[in-house]
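Architecture and fold: a report
Chain by chain, the residues:
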Amino acid sequence: MRLVRAERADREERLRRNAGEIYEQLTDGLARHLRLTELVYAAAQQFPGLVPTRLEIEAERRLPQKEKRGLEIDQGIFLAHVLAHPRCGSHLVHAMSQPKPEAAAALDGFRRTGELDLGPVRLERRDRVGHVTLQNHAFLNAEDGEWAAALETAIDLVLLDDAIDLGILRGGPATHPKYLGRRVFSAGVNLTHLYWGRISLLDYMLDKELGAIAKLYRGHGLGTFDPVGLEVRREKPWIAAVESFAIGGGCQLLLVADHIVAEAGSFFSLPARNEGIIPGLANLRLPRFIGERRTREAILFNPRFAAESDVGRLIADVVVPREEVGEAVERSASELLSAGAASLVANRKALRVGAEPLDVFRRYMASYAREQALCMYSAVLIDNLERNWNAEQRRL
């Protein structure tokens, strides 16, 4: 273990000195846009020993989390140093803001039919609105890498389709016996998958934040990369409809939506402390909604905030009975679009640029990439999951 730490420290010192140089070589002088996974495995190939290879990571993924060697930590450290580099980190953020090839391939078909089933997520276009339905029914809309990839593709298509002016994010009617027929927004990260080693640092923890959620908040980066230029983006407003609960990652989605309709009796929570991880960008964004002291309480002590409570109403814009949620969402969508899309998009952009400039986002993600990787391989995470989730008794 001491040798591993020493080798990791040596690699980190190399990255501290040369991360920009390495990134420029991997991207042909910033001419190529590589997503996180492409970048990391290109680095493994061109700079042997700097980060683990794809084969090494694939072998680790077959193991429970507590039996892994923690190879993903080196991926997190590598990406942390790239993101911390002002020019190269900004280029990576721009690269991740581009539409995925999967979305580009599906665009013509979606334009024709107005619907697409992506497995954990379904997309439909109705009356210039893109309805994104979360339907990971087997796990009450818990999140994993497959879910994050499907959500990002759906968001890409909402942004790319000129016949859509606004997106709505809502959970589908559950098939789980406990919530049969009721809509559920999100149960957060799939803790059973996390315990058994099926949650990836790259494909879920980082890709989700720099991909799907960043696109909800910021849209697509347009034009060639310009680290000091204006934010020129393709973006659209979003409404989130919360029914039953928005836990963890589900609560984090609310922090980038423009308008939130919640079911009376639903609740929000961020149980990251009980899991042993960082709750995405909630540490950065939640204080803007409920203040720093209440944010510390939410993250460090894991209370549940009822939608109709004082704190809940700082997150939700509208709280209505269960049977009125659909009507309230439609009413809000109509109101948002009534003045036209131009000023709506301009104002959401102005609010975002003032609250969370791209450089603040980039610097946060640099810290997050490193610290979340360390959390994922801490003994505390395993202990928390076994004590608070009874994870050892749950099976995939």
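A few points on the structure. The shown structure was predicted, so the numbers you read here are calculated from the model rather than taken from an experiment.

Here we come to the packing of helix α7 (residues 145-160) against helix α9 (residues 201-218). Following both chains from N to C, one finds α7 and α9 inclined at 20°, their axes separated by 9 Å at the closest point. Judged by the inter-axis angle, α7 sits roughly parallel to α9. Note on packing geometry: the crossing formed by α7 with α9 is left-handed. Together, G145, W147, A148, L151, E152, I155, D156 and L159 of α7 and D203, Y204, D207, K208, G211, A212, K215 and L216 of α9 make up the contact between the two elements. When its residues are assigned to classes, the contact of α7 with α9 shows eight nonpolar, two polar and six charged.

Take the environment of A104 next. Within the fold, A104 resides in helix α6 (residues 101-113). For A104, a relative accessible area of 48% gives the class partly exposed. Taking the C-alpha atoms as reference, A104 lies 34 Å from R288; in sequence the two are 184 residues apart.

This next bit is on empty space enclosed by the protein. Throughout the structure, instances matching the rule amount to five cavities of 30 Å³ or more. In this model, the largest cavity occupies a volume close to 130 Å³. What lines the largest cavity is a set of 19 residues, and nearest its centre among them are V189, G249, Q252, I277 and P279. Counting only elements with at least two residues in the lining of the largest cavity, the list comes to β6 (188-189), α9, α10 (249-254), α11 (272-275) and α18 (358-376). Residues that form the lining of the largest cavity fall into these classes: ten nonpolar, six polar and three charged. As a volume, the second largest cavity reaches approximately 50 Å³. Residue lining of the second largest cavity: V93, M96, S97, L210, G211, A214, K215, R218, G219, R233 and F361, and that is the complete set. For the lining of the second largest cavity, the secondary-structure elements that each account for two or more residues are α5 (86-96) and α9. It is α9 that contributes the most residues to the lining of the second largest cavity, five residues altogether. Within the lining of the second largest cavity, the residues separate by chemical class into five nonpolar, three polar and three charged.

Turning our attention to the packing of helix α2 (residues 36-46) against helix α4 (residues 72-84). For the pair α2 and α4, interaxial distance at closest approach is 11 Å and the crossing angle is 105°. In terms of orientation, α2 and α4 fall into the roughly perpendicular class. Within the contact between the two elements, α2 uses L36, L39, V40, Y41 and A43 and α4 uses Q75, F78 and L79. In terms of residue class, the contact of α2 with α4 is made up of seven nonpolar, one polar and no charged.

Rules behind the numbers
Residues numbered from 1 in each chain as written. Predicted model: local features only at pLDDT ≥ 70, side-chain atom pairs only at ≥ 80, totals over all residues. Heavy atoms only, no water. Axes fitted to C-alpha atoms, helices over the stretch in contact; angles between N-to-C directions. Helix = DSSP H or I, 4+ residues; strand = E, 2+ residues; numbered from the N terminus. Parallel < 35°, antiparallel > 145°, perpendicular 65-115°, else oblique. Left-handed = near helix turned anticlockwise from the far one by under 90°. Contact = heavy atoms within 4.5 Å. Nonpolar A, V, L, I, M, F, W, Y, C, P; charged D, E, K, R; others polar. Buried < 20%, exposed > 50% of the residue type's maximum accessible area, 1.4 Å probe, protein only. 1 Å grid on protein atoms, 1.4 Å probe; cavity = no way out; pocket = protein on both sides within 12 Å on 5 of 7 lines; lining within 4 Å. Points joined across faces, edges and corners; volume = space filled by probe spheres on them.

Keep in mind these values describe shape, not function.
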